[in-house]
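Here are the chains, one letter per residue:
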Amino acid sequence: MVETTALVLIASAFLLAWLYIQHAYGYWKRRGVPYLKPTFPFGSFAKGILQRISIDDQIKEVYDSTSEPFIGAYSLLRPVLLMRDPELVRTILVKDFENFSSRGWYVNEHVDPMAHNMLVQNGDSWRNFRTKLAPTFTTGKLKAMFETVVKCGDSLESVINEHAKSGEAVEMRDIFARFVTNVIATVSFGIDIDCLKERDCEFRQYTQRFFEPTVINAFRNTASAFAPSIAKLFRTRFVDKDVGDFMTGIVKENLEFREKNNVTRKDFFQLLMQLKNTGKVKESDDDWTTKSTTTGANLMSVSDMSAQALLLFVAGAESSSATMSFCLYELTKRPELQQRVYEEIVSVLKEHNGELSYDALADMKYIECCIEETLRKHTPFGFVTRLCVKDYNIPDTNIVIEKGTQIMISMDGLQMDPKFYKDPMEWKPERFREEKVPFVERPFLAFGDGPRSCSYHILSYKQQMDLIKLFPKINL
């Protein structure tokens, strides 16, 4: 009797679980939305979650699986909606942003203070930081910081010259990654390092931990974006604790040194000091002082300074070095374009008295086209997510996106779609020399769009375009 009862209970539990799963996987069908058939327990993203292919490629596969303007899918048991139509994409990211103001990633700043950054924050906390940090990357501030960026190029030039004299091959991806680390350490953390020559640089060792393909990193990144409830259960961190502690230590040490010695330097760290001491970035591009003028909750804490400085590295390090590497790779296959780039560099520098300045970079239009085409074909971030924060009716349909539904947009899918880019596998910088094309005709999302687009993309361009200082010396 006892055994029979136990079997009945077990069978009932399995039946209830099966019914629950069937109900969960029937979400999009009940709403009349075309959907990709899921497979328990990973839903529509088994290959990506199991790391058989990248998550970027998995989401692009979903994009390529249909011609509908949107398609339903499942992340584990959670319904997600992938948007394919550029007009809907632009509407969600820009026009109706207030309905989709969150990225939908798990974040817990109490577990990890480094998670209190503008990338993953939501609600009023994100708006507050967005307002504070927006003035840090105006044209005036970038011009002022540009000399600091260019100085970092001196070490890169020296290393390239050494390899050029020896005639040996060099792994440019590693060279660029170390160069970008120098730039971000200087601009963001306010410290001078040279990991191009110091191969065992402690700063690089710690920062690389964020990008290492470890099981912990794979779980943390996948769970935070695809299964927030699981990430919450395991209280996942944005970065490992010792990495966060190391970055905070650098910020505290540099902050103490500058304030004690009254040091003023035109970099991002100096602007963070203004936010810490005054609650805002000075309007004048010539005023970089940080003298405290007020007290209160509106001031930025040392912990928040560390989180924002680390974010600049996370957002720009791998993406910048990858873009520079792919750009050179594509140019190796097109000698005639190499010559065109070289001629533009020589011509523009001549007009600017041989000086590589911010204004000189702005005049190098063809190089900018090369960068943009590289970002189109080899986009560093293959998808973007948004969380519906209040019910939303998709325009011209009777379909309502319910609050709490995750939205996905495949940048790889849109930017490699022959509907928008003829011969998408071909690298053609000329695409971006044409007159401005509406987003709906040629979607380009390398840095996102709308209020939650990447705030640091302008500085990333300048790091990448600093390649022109070296191009005439490189034999591709």
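So, here is what we can say about the structure in this document. (Residues numbered from 1 in each chain as written. Predicted model: local features only at pLDDT ≥ 70, side-chain atom pairs only at ≥ 80, totals over all residues. Heavy atoms only, no water.)

## Some details on the overall build of the protein
In step 1: Each helix and strand counted, the protein has 19 helices and 6 strands in total.
In step 2: Relative to the globule expectation of 23 Å for 476 residues, the C-alpha radius of gyration of the protein, 24 Å, shows essentially globular dimensions.
In step 3: Oriented by its inertia axes, the alpha-carbon framework of the protein measures out at about 90 × 55 × 45 Å.
In step 4: Classification of the 476 residues of the protein by burial places 53% in the buried group.
In step 5: Counted over contacts in the protein with a minimum sequence separation of 6, partners at least 24 positions apart contribute 69%.
In step 6: Of the accessible surface of the protein, which amounts to about 22500 Å², a share of 54% is contributed by carbon and sulfur atoms.
In step 7: Charge-centre separation for the protein: the mean point of 60 positive side chains lies 3 Å from the mean point of 63 negative side chains. (Helix = DSSP H or I, 4+ residues; strand = E, 2+ residues; numbered from the N terminus. Rg over C-alpha atoms; globule rule 2.2 N^0.38 Å. Buried < 20%, exposed > 50% of the residue type's maximum accessible area, 1.4 Å probe, protein only. Contact = heavy atoms within 4.5 Å. Areas by Shrake-Rupley, 256 points an atom, 1.4 Å probe, with all protein chains shown as cover. Lys, Arg positive; Asp, Glu negative; His and termini not counted. Charge placed at Lys NZ, Arg CZ, Asp CG, Glu CD.)

## Digging into the nonpolar core
In step 1: Of all hydrophobic cores here, the largest spans 66 residues; its most connected members are Phe-189, Phe-203 and Phe-238.
In step 2: Counting 42 residues, the second-largest nonpolar core is a separate cluster that includes Tyr-27, Phe-70, Val-80 and Ala-225. (Core = buried A, V, L, I, M, F, W, Y, C linked by side-chain atoms within 4.5 Å.)

## Some remarks on the side chain of His-116
In step 1: Tracing the sequence through the fold places His-116 in the loop between α5 (86-95) and α6 (123-133).
In step 2: Residue classification places His-116 among the buried positions, given a relative accessible area of 12%.
In step 3: A polar side-chain atom of His-116 sits 3.0 Å from a polar atom in the side chain of Gln-121.
In step 4: Within the structure, the side chain of His-116 is placed 2.6 Å from the side chain of Asp-304, a separation counted as a polar contact.
In step 5: Leaving out residues up to four positions away in the same chain, His-116 has contacts with Glu-109, Gln-121, Ser-125, Phe-129, Asp-304, Ala-307 and Gln-308. (Polar contact = N/O pair within 3.5 Å; in protein donor to acceptor, adjacent residues only side chain to side chain.)

## Remarks on the sheet that holds strand β2 (residues 78-83)
In step 1: Judged by pairing direction, the sheet is mixed, and its 4 strands sit side by side in the order β1-β2-β6-β3 without closing on themselves. Of all the strands in the sheet, the pair left with one neighbour each is β1 (70-75) and β3 (383-387). Taken pair by pair, the neighbouring strands of this sheet meet at an average axis angle of 30°, ignoring direction.
In step 2: Across 6 bridges, β1 lies against β2 in antiparallel orientation. Paired with Gly-72 across the bridge in β2 is Leu-81.
In step 3: Of the strands in this sheet, β1, β2, β3 and β6 (406-410) are in contact with helix α4 (residues 55-64), which crosses β6 at around 90°. (Pairing = 2+ DSSP bridges. Axes fitted to C-alpha atoms, helices over the stretch in contact; angles between N-to-C directions.)

## A short note on the state of the cysteines
Each disulfide consists of a covalent bond between the sulfur atoms of two cysteine residues.
In step 1: For the structure on display, the rule yields 0 disulfides.
In step 2: Cysteine Cys-369 remains unbridged, with the sulfur of Cys-370 as its closest cysteine sulfur at 7.0 Å. (Disulfide = S-S within 2.5 Å.)

## A closer look at the packing of aromatic side chains
In step 1: As enumerated under the stated definition, the model contains 17 aromatic pairs in all.
In step 2: Seen in terms of ring centroids, Tyr-25 and Tyr-74 are 5.1 Å apart; in terms of plane orientation they differ by 65°. Their pairing is edge-to-face. Of this pair, Tyr-25 sits in the loop between α1 (2-24) and α2 (27-30) while Tyr-74 sits in strand β1, and the two are 49 residues apart along the sequence.
In step 3: Taking 5.2 Å as the distance between ring centres and 80° as the angle between the ring planes, the aromatic pair formed by Phe-210 and Phe-211 counts as edge-to-face.
In step 4: Residue Phe-211 is classed as partly exposed on the basis of its relative accessible area, which comes to 26%. (Phe/Tyr/Trp six-rings, centres within 6.5 Å; stacked < 30°, edge-to-face > 60°.)

## Overview of the packing of helix α14 (residues 302-332) against helix α17 (residues 365-377)
In a pair of packed helices, the angle between the axes and the distance between the axes together describe the arrangement.
In step 1: Orientation of α14 relative to α17, taken along the N-to-C sense of each, is 105°, at an axis distance of 9 Å. Judged on the interaxial angle alone, α17 and α14 are roughly perpendicular. Facing α14, whose interface residues are Thr-323, Phe-326, Cys-327 and Glu-330, α17 presents Cys-370, Ile-371, Thr-374, Leu-375 and Lys-377.
In step 2: Its residues placed into classes, the contact of α14 with α17 shows 5 nonpolar, 2 polar and 2 charged. (Parallel < 35°, antiparallel > 145°, perpendicular 65-115°, else oblique. Nonpolar A, V, L, I, M, F, W, Y, C, P; charged D, E, K, R; others polar.)

## Observations regarding the pairing of β1
Note on strand geometry: in a regular strand, side chains alternate between the two faces of the sheet.
In step 1: Most of β1 sits out of view: 6 of its 6 residues are buried.
In step 2: Covered by surrounding structure in β1 are Phe-70, Gly-72 and Tyr-74 together with Ile-71, Ala-73 and Ser-75, the residues of both alternating faces.
In step 3: Here β1 hands over to β2 after 2 residues, with Leu-76 in that stretch at a positive phi of 60°.

## Looking at helix α12 (residues 241-261)
In step 1: Taking 1.5 Å per residue, 21 residues should reach 30 Å; α12 reaches 30 Å between its end C-alpha atoms and fits that length.
In step 2: Listed as buried for α12 are Val-243, Gly-244, Phe-246, Met-247, Thr-248, Ile-250, Val-251, Asn-254, Leu-255 and Arg-258.
In step 3: On its buried side, α12 packs onto α9 (202-208), α13 (268-278) and α14. (Expected span 1.5 Å × (residues − 1).)

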